[in-house]
Amino acid sequence: MKNRKLSLPALSKILLPLFLLLGFVLPLQAQYRPDEDLEELFEAVQLLPVFPDSKTFVDCVPRAAPETIVQAYRKARTQAGFDLKAFVLRYFELPPTPATNFSSDTSLAVEAHIEKLWPVLTRQPGADGGSLLPLPNPYIVPGGRFREIYYWDSYFTMLGLQASGKTELIQHMVDNFTHLIQTTGHIPNGNRSYYVTRSQPPFYALMLRVLTQQKGKQVLRSYAPALKKEYDFWMEGESTLSEGNQAHRRVVRLPDGSILNRYWDDKATPRPEAYKEDVMLAKGASGRQPEEVYRNLKAAAESGWDFSSRWFADGENLSTIRTVDLIPVDLNTLLYHMEITLAEMADMQGRRQEKRFYKEKAKARKKALLAYCWNPTEEFFYDYDFVKGTTTDIPVLAAAFPLYFCMATKKQATAVARRLEADFVKPGGLVTTLQHTDEQWDSPNGWAPLQWIGIQGLRAYNHHKLANTIASNWISTNKRVYKQTGKLMEKYDVEHAGAEGGGGEYPNQDGFGWTNGILLKLLMQQK
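Analysis parameters
Residues numbered from 1 in each chain as written. Predicted model: local features only at pLDDT ≥ 70, side-chain atom pairs only at ≥ 80, totals over all residues. Heavy atoms only, no water. Helix = DSSP H or I, 4+ residues; strand = E, 2+ residues; numbered from the N terminus. Rg over C-alpha atoms; globule rule 2.2 N^0.38 Å. Buried < 20%, exposed > 50% of the residue type's maximum accessible area, 1.4 Å probe, protein only. Contact = heavy atoms within 4.5 Å. Areas by Shrake-Rupley, 256 points an atom, 1.4 Å probe, with all protein chains shown as cover. Lys, Arg positive; Asp, Glu negative; His and termini not counted. Charge placed at Lys NZ, Arg CZ, Asp CG, Glu CD. Pairing = 2+ DSSP bridges. pLDDT = per-residue confidence, 0-100. Disulfide = S-S within 2.5 Å.

(A) Up close: the overall build of the chain. In terms of helices and strands, the chain carries 21 helices and 17 strands. In terms of C-alpha radius of gyration, the chain reaches 23 Å, essentially the compact-globule figure of 24 Å for 527 residues. Considered along the principal axes of its C-alpha atoms, the chain spans approximately 75 × 65 × 50 Å. Buried residues in the chain amount to 59% of all 527 residues. For the chain, the share of sequence-separated contacts (at least 6 apart) that also reach a separation of at least 24 residues comes to 68%. With the model as given, the accessible surface of the chain reaches about 21,400 Å², and the carbon-plus-sulfur share is 50%. With 63 positive and 59 negative side-chain charges, the chain shows a separation of 6 Å between the mean positions of the two kinds.

Structure, rendered in structure tokens:
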């Protein structure tokens, strides 16, 4: 029998899970990065494009070492009749679509359907030899084209797992995110090498709260080092800020010396998973440097709201995106909760000075948020444009976040509730923004995570009737689409109850992690 020589991807599939099991961490530089490792081949494939969805190629697994593939490409492309797609299919393994064979039984109640979906959406630990960052434990993916774990999605998915009594899987997912903090210094957008330069809305502290509800308060003590490390990532460069140096990465110094945060990405290049889309947009963005456009696109991707008129200078066109000029309401409420949680952890450990430090940080952030993001004339929370020195006055559903974290005054909460009822409540739930565009985080779309934040935020201030109306509308549209299609969708058209959502860079996806989670949680609350 001849000795078989294993390729690098094949070896990685064997060795990486073993290293993870034994507690070893491979250097991140060893991870395959398609946009860097494939050089000019990457650009050729994405710009042609070989695949209709730009994410397909970055999720492909190379069948040989990247340098070997690049050399083969340079030689092959000079030959007559060269077929780029055929070359790619020869040298790369297409990403799996394991959920495509799942068939729904719409005679089942939607709760039973979700329970059947959890195993379908569960992935096992380890590497695939491609761009996937290996994780030590099983985890839930959103579904559809999203074949990896996503940061903020996972919190809302965990709420559903909690409703299903799947504590062990919640524990696994928390430990996976802890592993990502330890290995990359933060939680990336998702566990892909091309996502490492950005994060997503920081929900890790809230994930710990879910685990605490299941296993007791001592959980917080165990995860304090990881949460501190994540906080340091978001606050990196704070000490360098001054009147002459107003912003650095994700931190911004305001005129009164207070510090708030923004979204950012260190790498001002096209998103590898949307390469052609970003290149084409930058070419059409009149008067703007491509790097400026790319950074703002990637910062919006970090926000999770990719994309929305919320970030647009003209309120309509993606080419005017200016995410890094804005201090988002929702981000700063999440960091406030992180600071409160860190203070609580320090108190449990008897670290009085550290407790005071984080409590003061939280107090200062709350004061700054209420000063800069509250418009007293409009009586609504808005993102703050620190370049122009004013609120954006673009009404979006992120205004519910200060209620969710109980940062608003009673009077502010009443005003926000009044505005939500007047403008945002639709037959299918809460609409994301009031602006109709072709972007998915605009009207007429509604999203599960924002329904939950809005409903729970209203309940925190005793606006129960309005909260119950929104919950009922959302549940109804979820159920109606499920009965019609057998699917739970990534987003819904809430202006037309029972309609699927649309817009954005890719078709509406089914699965779907956070929709399942929030629907299950809301149904439990109704019982």
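(B) Looking closely at the sheet that holds strand 16 (residues 492-493). Strand order in the open sheet formed by three strands is 15-16-17, with antiparallel pairing between adjacent strands. Of all strands in the sheet, those with a lone pairing partner are strand 15 (445-446) and strand 17 (499-500), marking the two edges. Two strands pair when backbone bridges link them, and strand 16 and strand 17 are joined in this way by two bridges, in the antiparallel orientation. Paired with Asp493 across the bridge in strand 17 is Ala499.

(C) Seen up close, the confidence of the model for the chain. Chain-level statistics for the chain give a pLDDT mean of 93 and a share of 93% at 70 or above. Overall, residues 1-9 carries pLDDT values under 50, and its contacts beyond four positions in sequence, including any with other chains, amount to eight contacts. Of the regions scoring below 50 in pLDDT, residues 19-29 engages in twelve contacts with residues more than four places distant in sequence or in other chains.

(D) Examining the sheet that holds strand 7 (residues 259-261) more closely. An order of 5-6-7 is seen for the three strands of this open sheet, with the pairing classed as antiparallel. Among the strands making up the open sheet, the edge pair consists of strand 5 (247-248) and strand 7. Of the pairings in the sheet, the one linking strand 5 to strand 6 (residues 251-253) comprises two bridges and is antiparallel in character. The residue of strand 6 that forms the bridge with His248 is Val251.

(E) Focus on the state of the cysteines. Following the criterion strictly, the structure yields zero disulfides and no others. Cys406 takes part in no disulfide bond, and the closest cysteine sulfur to it belongs to Cys373, at a distance of 18 Å.

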